[in-house]
Amino acid sequence: MDVAVGRGFQILAHAGSSPFPGRCSHTTAFGTTKTNWLAKIGSSSHHSRVVVRAQNRPTWLPGLDPPPYLDGTLAGDFGFDPLGLGEDPESLKWYVQAELVHARFAMAGVAGILVTDLLRVTGIRNLPVWYEAGATKIDFASTRTLFIIQLLLMGFVETKRYMDFRNPGSQAKEGSFFGLEASLEGLEPGYPGGPLLNPLGLAKDIKNAHEWKLKEIKNGRLAMVAMLGIFVQANVTHVGPIDNLLEHLSNPWHKTIIQTLAGSGS
């Protein structure tokens, strides 16, 4: 019989026959004590042994019991759901996909911002700071044209992704994508494959690719936090992240987030 007790512990109670009926010994931090007692069930004598065992599963807050629907099977599941959004199984599946997509966009966004900002600061390319890039005029097309093209392309891709989520494998059927299904064949919802989206052939056995999934979602969550930091920096300092880094390195003890926030409020 397993009984959960406290935070992160289990009590395992085992009943069985004993060569020493009527006696139970247990060990504490202060030594070993013995207690005599009699327990008879029918004509047999039994004793109970209680073992306290700590749970080995890591959680976002050590000692916290994760909710029962977060059982550790999902990649990156550390029991974090303070609002209880994943109580419904169908909603949980959608939230997993939503987090995965946002994580990938964040990783691409952070890489794009840092690379272009580095090229701008070093003078290699004449580029606008990232938060002004959207206002830059492009010669070969108007802003309205680019917006419509992006809307159509992103809408098509997101519709295909949603259809594959609702009916896994349906978008890999012959004739569903202009004959390119084999090049884009998904491994499972949220994990596209094929030579175009998985050119290195990583994690072909997606069912046993838990380590790859864990690495991706960890880096994605870090990128989402980084994007939030970049947004706040741009709003407070009105410069790019590389400029912020160089300013901090020029005077590490007096050019920190504390002084920056204090100066912005004055």
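Worth saying up front: this structure is predicted, and the values here are computed from it rather than measured. (Residues numbered from 1 in each chain as written. Predicted model: local features only at pLDDT ≥ 70, side-chain atom pairs only at ≥ 80, totals over all residues. Heavy atoms only, no water.)

Caption draft 1: The arrangement of the packing of aromatic side chains in detail. One pass over the full model with this rule turns up five aromatic pairs. Ring geometry for tryptophan 60 against phenylalanine 80: centres 4.8 Å apart, planes inclined by 85 degrees, an arrangement best described as edge-to-face. Here the residue tryptophan 60 occupies a position in the loop between β6 (44-54) and α1 (89-122), and phenylalanine 80 occupies one in the loop between β6 and α1, the gap between them amounting to 20 residues. Pairing tryptophan 94 with tyrosine 162 gives two aromatic rings, centres 5.8 Å apart and planes at 80 degrees, and the pair type is edge-to-face. (Phe/Tyr/Trp six-rings, centres within 6.5 Å; stacked < 30°, edge-to-face > 60°. Helix = DSSP H or I, 4+ residues; strand = E, 2+ residues; numbered from the N terminus.)

Caption draft 2: Fine view of the packing of α1 against helix α5 (residues 241-250). Contact pair α1 / α5: the axes reach a minimum separation of 8 Å and the direction vectors enclose 65 degrees. Only Pro241, Ile242, Asp243 and Leu246 of α5 make contact with α1, whose side of the interface consists of Ile113, Leu114, Asp117, Leu118, Arg120 and Val121. Among the residues making up the contact of α1 with α5, the classes are represented as seven nonpolar, no polar and three charged. (Axes fitted to C-alpha atoms, helices over the stretch in contact; angles between N-to-C directions. Contact = heavy atoms within 4.5 Å. Nonpolar A, V, L, I, M, F, W, Y, C, P; charged D, E, K, R; others polar.)

Caption draft 3: Layout of the UniProt feature "binding site: chlorophyll a 1" (unreviewed entry) in the chain. Per the UniProt record, "binding site: chlorophyll a 1" (unreviewed entry) is found at Glu99, His102, Lys215, Asn219, Arg221, Gln233 and His248. Mapped onto the secondary structure, lysine 215 falls in helix α4 (residues 210-237). You can call lysine 215 partly exposed: its relative accessible area is 43%. When its relative accessible area of 30% is taken as the criterion, histidine 248 is described as partly exposed. Excluding residues that lie within four positions of it along the chain, histidine 248 makes contacts with Lys255 and Thr256. (UniProt positions renumbered as here; feature names shortened; annotations may be inferred. Buried < 20%, exposed > 50% of the residue type's maximum accessible area, 1.4 Å probe, protein only.)

Caption draft 4: Representation of the pattern of salt bridges in the model. Applying the stated rule across the entire model yields eight salt bridges. Here arginine 120 ties to aspartate 117 by a salt bridge, and the two come within 2.7 Å at their closest N and O atoms. Here arginine 120 pairs with aspartate 117, and both are found in helix α1, just three residues apart, close to one helical turn. Residue classification places aspartate 117 among the buried residues on the basis of a relative accessible area of 2%. Taking the shortest distance from any N to any O, the salt bridge between glutamate 158 and arginine 161 comes out at 2.7 Å. One end of the pair, glutamate 158, and the other, arginine 161, are both in helix α2 (residues 143-166), three residues apart, so they sit about a helical turn from each other. A relative accessible area of 28% means that glutamate 158 is categorised as partly exposed. Classification of arginine 161 by relative accessible area gives partly exposed; the value is 25%. (Salt bridge = Lys/Arg side-chain N within 4 Å of Asp/Glu carboxyl O.)

Caption draft 5: Examining unusual backbone geometry more closely. Backbone geometry at histidine 238 places phi at a positive 60 degrees, although glycine is not the residue there. With respect to the helices and strands, the residue histidine 238 is situated in the loop between α4 and α5.

Caption draft 6: Spotlight on the packing of α1 against α2. Relative to each other, α1 and α2 sit at 145 degrees, their axes nearing to 12 Å. For the pair α1 and α2, the crossing hand works out as right-handed. Contacts between α1 and α2 involve Lys93, Trp94, Gln97, Val101 and Phe105 from the first element and Met154, Arg161, Tyr162 and Phe165 from the second. When its residues are assigned to classes, the contact of α1 with α2 shows six nonpolar, one polar and two charged. (Left-handed = near helix turned anticlockwise from the far one by under 90°.)

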